[in-house]
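Here is what each chain is made of, one letter per residue.
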Amino acid sequence: MAAAAESGARTWPGGGSPRPGSPASSPVLGGRGRVRLGPGAERTGARPPVPATALGHSFRKVTLTKPTFCHLCSDFIWGLAGFLCDVCNFMSHEKCLKHMKTPCACVAPSLVRVPVAHCFGPRGLYKRRFCAVCRKGLEASALRCEVCELHVHPDCVPFACSDCRHCHQDGHQDHDTYHHHWREGNLPSGARCDICRKTCGSSEVLAGLRCEWCGLQAHSVCYSALTPECTFGRLRSMILPPACVRLVSRNFSKMHCFRITENPTPEPGEGDDSMDGSAAAGPGREALVSPESSKQTLRIYDGCDAMQRNHFRLITVPRLAKNEEVLEVALRVYYISEDPCDFELQALPPSARSDENGAQGKARTGGAAGDEGSRGPGSRDPAPRDPVPEAWVIRALPRTQEVLRIYPAWLKVGVAYVSICVTPQSTARTVVLEVLPLLGRQAESPESFQLVEVLMGSRQVQRTVLADEELLLDRLWDIRQASLRQMSQTRFYVAESQAVVPHVSLFIGGLPPGLASQEYGPLLQEAVGTKADVVTVSHVYPSQGAVVLAVTCFAEAERLYMLVKDTAVQGRPLTALVLPEVLHTKLPRDCCPLLVFVNPKSGGLKGRDLLCSFRKLLNPHQVFELTSGGPLPGFHVFSRAPCFRVLVCGGDGTVGWVLGALEEIRHHLACPEPSVAILPLGTGNDLGRVLRWGAGYSGEDPFSVLVSVDEADAVLMDRWTILLDAQEACGAENSVADVEPPKIVQMNNYCGIGIDAELSLDFHQAREEEPGKFTSRFHNKGVYVRVGLQKISHSRSLHREIRLQVEQQEVKLPSIEGLIFINIPSWGSGADLWGSESDARFEKPRIDDGLLEVVGVTGVVHMGQVQGGLRSGIRIAQGSYFRVTLLRATPVQVDGEPWVQAPGHMIISAAGPKVHMLKKSKQKPRKAGGSPKEARVDTLPAPDGDAK
């Protein structure tokens, strides 16, 4: 498309937006591809900068009583006068009004190119953030989109634009060229404009713009100097391009598509009987006034839906206010910019009142304030009259005709929309016949087009195909009767009548592992009743107990998704995820997308914040939460990508989990050996230390972390297999009656037997008893110290209870309490157990030498000395094949996962090919300045002068 904005982005008017409500408005989107407009559409071209009123603002001059900043330039407003928009609270200098390019919240929905719903997470406290709707500070709990940087008050959610990032192709206006996706405000206070190099961020007001793909920052008056195309900035090689992801998800919300855990609490405004009392004062959040006051507080409903749910907005008006004044305030509080003469206020019907028994009042229109005999809010008639009802409903007056905007549902067209006049005789078919010539499609058959109604809700975008005989004027009347707000968020598109081929990939996890591939289909048929004619098993992962279903019916896919989440098989709950399809043939040659796994329970619960940050910096389709299905869904989505890398955010146990899954699924991958980076979130983080990723995450900028991953060096690392077999020890003196079956575990860092594993087991049991207390790395280490002190005098003479063979040679053990096999030069949170002294008997250890080092410790005191760097362990052996015989039940731990192993044998050997890891480069990454500003190199014009 010649000049289409990035899908979902808001079109920031600079010189082509029509005045709201104009009977014929069809702005040209760019200088290319303009079509001839026929009768009924106004010819438009380049226009001068539009005045503020054309952007929907209702400015009035106000006297300032406290320090105030301009929302356009973010500078302080000197003097006592400023200009305030009564609808969206935009504050401006008088000199800035002529440069105004920021639309008011009442017209913002009409400027969205392709509507994309938001994914709001749970409520939280966001200091120094501002609501994108009412522009006021978020002083109480608020909501934040998990995919973009939209922040809103809970009661402002229904008025938020559906302008989230478009992260995949879904069959609605898909395109390969992406433009900047601008989001206003909530920039760091020190953020600088990438055009004029001056400060554009503010911690005082909602000011400045930022592209949510490449991170470019600019003033709202400077951004038009940038080229519209977005190159995804510094992280372009790591981002999974939206044009390379396909997900047709008609019946699934964005929360399902992005695998985001849904908030169990009711939606804001859904279920509350009144406004949020904790919200900041503002439109719809007025405080109740006392009966003696000269003002009154009224409850305002916008239609039948609001009355049924008892959802209203509060307004405060003078008791002697005229009815038209009250109506204007009521429309303003619902962000309705239409002419008040087209509406009226009606008293709440008796059937809808819960605490009032008065009769229904007469209607008052916005254009008949002086009619005698009428009564309404603020009537000045001193004669005796019925009490003014507290609750009122805004109603639209009947219309004999209406100007309706019709949008094209395809991209290659020179106009954003055309406006036509709808009469009582207008049907969906006649509208299509009238619109096609205006859009340059008169040569095509009208039968191949249809009229689609789109409700652009902030949480979900709903599309409805209208029947050919549907009367448009009646349809508009029904929508306005239900909700005036809904009418302002409803669009009509002319779309080609092509059937969408349903294809939904459902990942089902939690099934019994180890079954034959053909057994999983009947098992699911019995558990959830899959329909064989529309559901097939496309992939089976028996070792993981998971399958991927290909569903060719939207309704069946939704039914299975909801049913599987509440189903258990053999006592294990099932997991259901909606997976996208990566179009690997469309990936750019220089693209090596990053697959991110995050364990939200690691790192003192910092994983949850990282999960949200990476979703916003990258494509959310490439970020996976490990508590929902584990690593397998991510590897399956990337299975056909010819090249990709992996970032694991978690402790050493999480890294081992991902590497184990990678080993099992390696033969299914087009890139069988992806390199793995680590963001350490655990307690010890020994592998992260060795690979220079640090001792633990301490709040570094997530963007800087991704840059470090991009600049990291690839290295190889050995992995080891441990076979645990207790069967041959049945005749031992301390054998157990029920022998454990043989099992295999993988080792990356180290394996401990004896006192080391016993301390880990005690810590693990303490964490299982009170998991809520183990949210701090410092607290976890304190518990380790406590359990160590309890074992300081413990002695079990481990050397008498085990036998060790190295390369089939018996090795005599010294007097020790713990035996440790180490693969990396870091143990117990960074201690060097092997030591740095040279020894002619052994080779210098490396993580890729194919050898393990065997070290002994004499007890807790010795371990403490090693931790303090005072001593090293007792060097025992070095080799590639080990056989340990346990003569009695002994604590064992592998990479921090402890258990009590029954008597028997442990065989340790190399585990197939070496794994590719990413080691952080010693060269420091270029300073990002708290945001992805290095993206500017591709799109910035040359500055006229020196940067200041």
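What this report covers is the structure whose coordinates are included nearby.

What counts as what
Residues numbered from 1 in each chain as written. Predicted model: local features only at pLDDT ≥ 70, side-chain atom pairs only at ≥ 80, totals over all residues. Heavy atoms only, no water. Pairing = 2+ DSSP bridges. Helix = DSSP H or I, 4+ residues; strand = E, 2+ residues; numbered from the N terminus. Axes fitted to C-alpha atoms, helices over the stretch in contact; angles between N-to-C directions. Core = buried A, V, L, I, M, F, W, Y, C linked by side-chain atoms within 4.5 Å. Buried < 20%, exposed > 50% of the residue type's maximum accessible area, 1.4 Å probe, protein only. Contact = heavy atoms within 4.5 Å. Lys, Arg positive; Asp, Glu negative; His and termini not counted. Salt bridge = Lys/Arg side-chain N within 4 Å of Asp/Glu carboxyl O. Polar contact = N/O pair within 3.5 Å; in protein donor to acceptor, adjacent residues only side chain to side chain. Disulfide = S-S within 2.5 Å. Parallel < 35°, antiparallel > 145°, perpendicular 65-115°, else oblique. Left-handed = near helix turned anticlockwise from the far one by under 90°. Phe/Tyr/Trp six-rings, centres within 6.5 Å; stacked < 30°, edge-to-face > 60°. Lys NZ or Arg CZ within 6 Å of the ring centre and 35° of its normal. Arc of directions from axis to C-beta.

## Observations regarding the sheet that holds strand E32 (residues 720-725)
- On the basis of which strands lie adjacent, the open sheet formed by six strands has the order E33-E32-E43-E40-E35-E36 and antiparallel pairing. Of all the strands in the sheet, just strand E33 (743-747) and strand E36 (809-811) have a single pairing partner and so form its edges. Taking the axes of each pair of neighbouring strands and ignoring which way they run, one obtains an average angle of 25 degrees across the sheet.
- Relative to E36, strand E35 (residues 802-806) is paired through three bridges, and the arrangement is antiparallel. Each bridged residue has a counterpart across the sheet, and for Val806 the counterpart in E36 is Gln809.

## What to know about the nonpolar core
- With 152 residues, the main nonpolar core has Val152, Ile394, Phe614, Phe635 and Leu647 as its most contacted residues.
- Sorting elements by how many residues they give to this core places helix H11 (residues 652-665) first, with six residues.
- Setting aside residues up to four positions removed in sequence, Phe635 forms contacts with Leu595, Phe597, Phe644, Val646, Val658, Ala661, Leu662, Ile665 and Leu669.

## Focus: the side chain of Asp302
- Within the element layout of this structure, Asp302 appears in the loop between strand E10 (295-301) and helix H2 (304-309).
- Notably, Asp302 is buried but unbridged: the nearest opposite-charge side chain belongs to Arg485, and the N-O separation is 4.3 Å.
- Side-chain polar atoms of Asp302 contact the backbone nitrogen of Arg485, separated by 3.1 Å.
- With residues near it in sequence (within four places) discarded, Asp302 still touches Tyr334, Ile394, Arg480, Ala482, Ser483, Leu484 and Arg485.

## Focus on the environment of Glu663
- Topologically, Glu663 is positioned in helix H11.
- Assessed through its relative accessible area of 26%, Glu663 is described here as partly exposed.
- With 10 residues separating them along the chain, Glu663 and Glu673 place their C-alpha atoms 9.2 Å apart.
- The contact partners of Glu663, leaving out residues within four places of it in the chain, are Arg719 and Pro913.

## As for the environment of Phe312
- Considering the arrangement of structural elements, one finds Phe312 in the loop between H2 and strand E11 (313-318).
- For Phe312, a relative accessible area of 10% puts it in the buried group.
- With 22 residues separating them in the primary sequence, Phe312 and Tyr334 have C-alpha atoms 9.8 Å apart.

## Quick look at the pattern of salt bridges
- Taken as a whole and assessed by the stated rule, the structure comprises 33 salt bridges.
- The residue Glu402 makes a salt bridge to Arg480 at a minimum N-O spacing of 2.5 Å. Here Arg480 lies in helix H5 (residues 472-482) and Glu402 lies in strand E15 (residues 402-408), a separation of 78 residues in the sequence. For the pair shown, Glu402 and Arg480 are each scored as buried.
- Between Asp839 and Arg875 there is a salt bridge whose closest N-O contact spans 3.9 Å. Here Arg875 lies in strand E39 (residues 874-879) and Asp839 lies in the loop between strand E37 (818-822) and strand E38 (852-857), a separation of 36 residues in the sequence.
- Given a relative accessible area of 23%, Asp839 falls into the partly exposed group.

## Comments concerning the state of the cysteines
- All told, the structure shown has zero disulfides when counted by the stated rule.
- No disulfide involves Cys104; its nearest neighbouring cysteine sulfur is the one of Cys106, lying 3.6 Å away.
- The exposure class assigned to Cys104 is buried, which follows from its relative accessible area of 0%.

## A look at the packing of helix H9 (residues 607-617) against helix H13 (residues 702-710)
- H13 packs onto H9 with a crossing angle of 65 degrees between their chain directions and a minimal axis gap of 10 Å. Judged on the interaxial angle alone, H13 and H9 are roughly perpendicular. For H9 against H13, the interelement crossing comes out right-handed. Contacts between H9 and H13 involve Leu610, Ser613, Phe614 and Leu617 on the former and, on the latter, Pro702, Phe703 and Leu706.

## Quick word on the packing of aromatic side chains
- This model, assessed by the stated rule, comprises 16 aromatic pairs.
- Put simply, the rings of Phe69, Phe76 and Trp78 pair up and form one aromatic cluster.
- Arg259 extends its terminal NZ or CZ atom over the ring of Phe624, reaching a point 4.0 Å from the ring centre.
- The side chain of Arg399 reaches across the aromatic face of Phe343, ending 5.9 Å from its centre.

## A word on the pairing of strand E18 (residues 461-465)
- Direction of pairing for strand E17 (residues 449-456) relative to E18: antiparallel, over a ladder of five bridges. Counterpart to Val454 in the pairing with E18 is Arg463.
- The turn linking E17 back onto E18 is made up of four residues.

## What about helix H16 (residues 860-867)?
- Turning to H16, its buried residues are Val860, His862, Met863 and Val866. End-on view of H16: buried residues confined to an arc of 160 degrees, all on one side of the axis.
- Following H16 by one or two positions, Gly869 adopts a phi angle in the positive range, close to 80 degrees.

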